[in-house]
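Read off the chains here:
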Amino acid sequence: LSSGINAEYGGTNVERDFVEAPSQMLQNWCWEPESLKLMSGHYKDGSAIPDKLLDKLVASKQANVATTTCRQLVFALFDQDIHTKENADTAASFSNANERVMGTPAPASTNFAAQFGHMAGGYDAQYYGYMWSEVYSDDMFQSVFRDAGVLSKEAGLKYRTCILQPGGSIDAFDMLKNMLGREPNSDAFFKAKGFA
């Protein structure tokens, strides 16, 4: 989909705080009745999912949203903490971040960081990008696809042209402004989380 002249600027070769936005965008269609009806059906007869069940499924998106959002915040704070110290006690740092956000320390005698590969696998001090990318994806989805229709061909082509094709050849913030017609903001993120 990328049309950058140099491969090094294609695909996911964008700013770390934007890299997850395209994949997070795709998750939105799994919660929309219009697209869910197209990708679901009874396993025996292919009949459509009943509206009552569909409504419950869509509503379930909000289940545990506060916990999962706080969990991402813990990871981001932990990441910033260990990458801004010359020597870091990862077990203590994670436990402190968890207690600060979730209100409880990590279980004693554990070291979550020992299995959290993102901390040394390319996201070093940039794990916050997961949540920041979600801010961008929610803004794009709510502002473009929700207004035009989640299956709008025009909205899809705009997304392809403004976001997917340029890849890293254009600054992500500029790609977002091109698509949204304004600077991105966090309003849709808070709305999607049920916080606004």
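What you see is a predicted model, and the numbers here were worked out from it, not measured in a lab.

(A) Quick look at helix H7 (residues 153-164). Those residues of H7 that sit buried are Ala155, Tyr159, Cys162 and Ile163. One side of H7 holds all its buried residues, which, seen down the axis, span an arc of 90°. Opposite the buried face of H7, at more than 90 degrees from it, the exposed residues are Lys153 and Glu154. Buried residues along H7 sit against helix H1 (21-27), helix H6 (129-148) and helix H8 (172-180). Of the residues flanking the start of H7, the one acting as N-cap is Ser152, its side-chain oxygen 3.4 Å from the backbone nitrogen of Glu154.

(B) Inspection of the pattern of salt bridges at higher detail. All chains considered together, the criterion is met by six salt bridges. The residue Asp81 makes a salt bridge to Lys85 at a minimum N-O spacing of 3.2 Å. A residue is classified by how much of its surface remains accessible, and Asp81, at 24% relative accessible area, is partly exposed. Overall, Lys85 belongs to the partly exposed group, its relative accessible area being 43%.

(C) Structural context of the side chain of Ser137. Summarising the element assignment, Ser137 is placed in helix H6. Classification of Ser137 by relative accessible area gives buried; the value is 1%. Every residue in contact with Ser137, bar those within four places of it in the chain, is listed here: Ala21, Gln24, Met25 and Asn28.

(D) Summary view of the confidence of the model for the protein. Across the protein, the average pLDDT comes to 88, with 93% of residues at 70 or higher. Averaged pLDDT values over the elements of the protein bottom out at 89 in H1 and peak at 95 in H8.

(E) Structural detail: the packing of H7 against H8. Running from amino to carboxyl end, H7 crosses H8 at an angle of 160°, the nearest separation of the two axes being 8 Å. In terms of axis orientation, H7 runs roughly antiparallel to H8. When you trace H7 past H8, the crossing you get is right-handed. Residues Lys158, Tyr159, Cys162 and Ile163 of H7 form the contact with H8, whose own contacting residues are Met175, Leu176, Asn178 and Met179.

(F) Structural view of the nonpolar core. One finds Phe18, Met140, Phe145, Ile163 and Met179 to be the most contacted residues of the largest nonpolar core, which totals 21 residues. Those elements that provide at least two residues to this core are H1, H6, H7 and H8. When residues no more than four places from it in sequence are discounted, the contact partners of Met179 are Met140, Val144, Phe145, Lys158, Tyr159, Cys162 and Ile163. The next biggest cluster of nonpolar side chains, apart from the first, holds 13 residues, and it includes Phe75, Ile82, Ala113 and Tyr127.

(G) Quick look at helix H4 (residues 65-82). In this model, H4 (18 residues) spans 26 Å end to end at C-alpha, consistent with the 26 Å of a helix rising 1.5 Å per residue. Of all the residues in H4, the buried ones are Val65, Thr69, Gln72, Val74, Phe75, Ala76, Phe78, Asp79 and Ile82.

(H) Seen up close, the packing of aromatic side chains. Tallying each qualifying case throughout the model produces 13 aromatic pairs. Both rings, one in Phe75 and one in Phe112, keep their centres 5.1 Å apart while their planes meet at 10°; by these two values the pair is stacked. Here Phe75 is found in helix H4, whereas its partner Phe112 is found in the loop between helix H5 (90-102) and H6, with 37 residues between them in sequence. On the accessibility criterion, Phe75 (4% relative accessible area) is buried. Consider the rings of Phe78 and Phe94, whose centres lie 5.5 Å apart with planes at 90°: the pair is edge-to-face. You can see Phe78 sitting in helix H4 and its partner Phe94 sitting in helix H5, a full 16 residues away along the chain. You'll find Phe78 and Phe94 in the same group, each marked buried.

Analysis parameters
Numbering of residues begins from 1 in every chain and follows the order in which that chain's sequence is written. Given that this is a predicted model, residues contribute local features only at a pLDDT of at least 70 and side-chain atom pairs are listed and counted only at 80 or more, while totals for whole chains, interfaces and linings are drawn from all residues. Side-chain figures throughout are based on the complete set of non-hydrogen atoms in the structure, without hydrogens or water. To sort residues, take the accessible area from a 1.4 Å probe on protein chains only and compare it with the maximum for the residue type: under 20% means buried, over 50% means exposed, and anything in between is partly exposed. Secondary structure counts use DSSP, requiring at least four H or I residues in a row for a helix and at least two E residues in a row for a strand, with both numbered from the N terminus. Arc, as used here, means the arc of the directions from the helix axis to the C-beta atoms. A contact between two residues is defined here by any heavy atoms of the two lying within 4.5 Å. Throughout this description, a polar contact denotes any pair of N or O atoms lying within 3.5 Å of each other; where both atoms belong to protein, one of them has to be capable of donating a hydrogen while the other can accept it, and for residues adjacent in sequence the pair is counted only when both atoms sit in side chains. By convention in these notes, a salt bridge is any Lys or Arg side-chain nitrogen within 4 Å of a carboxyl oxygen on Asp or Glu. Known as pLDDT, the predictor's confidence for each residue is given on a scale from 0 to 100. Geometry is summarised by axes, namely lines fitted to C-alpha atoms with helices restricted to the contacting stretch, and by angles between N-to-C directions that run from 0 to 180 degrees. In what follows, roughly perpendicular refers to angles from 65 to 115 degrees, roughly parallel to angles under 35, roughly antiparallel to angles over 145, and oblique to any angle outside these ranges. Left-handed describes a crossing whose near helix is turned anticlockwise from the far helix through less than a right angle; right-handed describes the clockwise counterpart. Residues belong to a common nonpolar core when they are buried Ala, Val, Leu, Ile, Met, Phe, Trp, Tyr or Cys residues joined through side-chain atoms within 4.5 Å. A helix's residues, less one, multiplied by 1.5 Å, set its expected span. Two aromatic rings, drawn from Phe, Tyr or Trp (for Trp, its six-membered ring), form a pair once their centres lie within 6.5 Å of each other, and the interplanar angle then sorts them: stacked below 30 degrees, edge-to-face above 60, tilted otherwise.

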